[in-house]
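One letter stands for each residue in the lines below.
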Amino acid sequence: MTSQPLFSWSDRFLLGHRTIDETHREFVDCVDALLRASDVEIPAAPDAFARHAESHFAQEDKWLAAADFPGGGECHIDEHAKVMASVREVQEQVAGGEVHIARELAQALMDWFPGHADYMDSALATWLVKKSHDGRPLVLRRKEHL
C-alpha cells in the first residue's frame, strides 16, 4: 500500500454542518483506503467501505425523510440507494475473484462525491443549520496550494 493518499480530504468539501463534514471526511478516507488497498487487502476493502456507506447514507436518509425537508429528499435518497446497489454488486464480483472492480468502484466514488456533496448534501446541510440555528452554514476554507 502506498503512503501518499490518492483521494484526500480538502476544505472544498466542507458544508458547514459538523456531523455531515465529519462523515464526509470518513467517506474520503474510506474511498482512499479502497484506492490504495493492496491485492491482498482488496477482498475486504469493499466490505469496509460498505459499512461506512450504510451508516453514512442511513443518517442522511433519516434527515431527508423529515416531513419538513423542502421539496422532499426522494432524489437524494434514491442516489444513495443506487450507490449502495453498485457497492453490493462490486462486493459480489470481488467475492468471485474480480478484484480489479473494487478499484474501479473507488475511482467512480472519487469522481461522484464532489458533485453529490456540492449539489445534494449542501442543500441538506443548509436546511439542517437553518432548522437548528435559524441561519446559514458558515464555512471557512484554507487556501489550497496547487
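Preceding this section is the structure that the text describes.
Residues numbered from 1 in each chain as written. Predicted model: local features only at pLDDT ≥ 70, side-chain atom pairs only at ≥ 80, totals over all residues. Heavy atoms only, no water.

1. Quick notes on the packing of aromatic side chains
Enumeration over the complete set of coordinates arrives at nine aromatic pairs. On the basis of an interplanar angle of 80 degrees and a centroid distance of 6.4 Å, the ring pair of phenylalanine 57 and tryptophan 112 is categorised as edge-to-face. Of this pair, phenylalanine 57 sits in helix H2 (residues 45-64) while tryptophan 112 sits in helix H4 (residues 100-133), and the two are 55 residues apart along the sequence. The class for phenylalanine 57 is buried, based on a relative accessible area of 3%. Members of the aromatic cluster, joined through ring pairs, are Phe7, Trp9, Phe13, Phe27, Phe49, Phe57, Trp112 and Phe113. (Phe/Tyr/Trp six-rings, centres within 6.5 Å; stacked < 30°, edge-to-face > 60°. Helix = DSSP H or I, 4+ residues; strand = E, 2+ residues; numbered from the N terminus. Buried < 20%, exposed > 50% of the residue type's maximum accessible area, 1.4 Å probe, protein only.)

2. Some words on the pattern of salt bridges
Pairing is possible between side chains that carry opposite charge, provided their charged atoms lie close to one another. Applying the stated criterion across every chain, the model contains five salt bridges. The partner of arginine 36 in a salt bridge is aspartate 32, and the shortest N-O contact between them spans 2.6 Å. Here arginine 36 and its partner aspartate 32 are both found in helix H1 (residues 18-36), four residues apart, which amounts to about one turn of the helix. The buried category is assigned to arginine 36, whose relative accessible area is 18%. (Salt bridge = Lys/Arg side-chain N within 4 Å of Asp/Glu carboxyl O.)

3. Here we look at the nonpolar core
If you look at the biggest cluster of nonpolar residues, it comprises 29 residues, and the most contacted ones within it are Phe7, Val31, Leu34, Phe49, Leu109 and Phe113. Listing elements by their share of this core, those giving two or more residues are H1, H2, helix H3 (74-95) and H4. Looking at this core element by element, the count peaks at eight residues for H4. When residues no more than four places from it in sequence are discounted, the contact partners of phenylalanine 113 are Phe7, Phe13, His24, Phe27 and Val28. In this structure, Leu15, Ile20, Leu124 and Trp127 belong to the second largest nonpolar core, which totals nine residues. (Core = buried A, V, L, I, M, F, W, Y, C linked by side-chain atoms within 4.5 Å. Contact = heavy atoms within 4.5 Å.)

4. A word on the side chain of histidine 80
Examined against the element boundaries, histidine 80 turns out to sit in helix H3. Other than its neighbours up to four places away in sequence, histidine 80 contacts Phe57, Glu60, Asp61, Leu64 and His116.

5. Side note on H3
Here H3 is 22 residues long and its end C-alpha atoms lie 31 Å apart, about the 32 Å a rise of 1.5 Å per residue gives. Along H3, the residues classified as buried are His76, His80, Val83, Met84, Val87, Val90, Gln91 and Val94. Angular distribution of buried residues about the axis of H3 spans 120 degrees; they occupy a single face of the element. Of the exposed residues in H3, the ones pointing more than 90 degrees away from its buried face are Glu74, Cys75, Lys82 and Glu92. Following H3 by one or two positions, glycine 97 adopts a phi angle in the positive range, close to 105 degrees. (Expected span 1.5 Å × (residues − 1). Arc of directions from axis to C-beta.)

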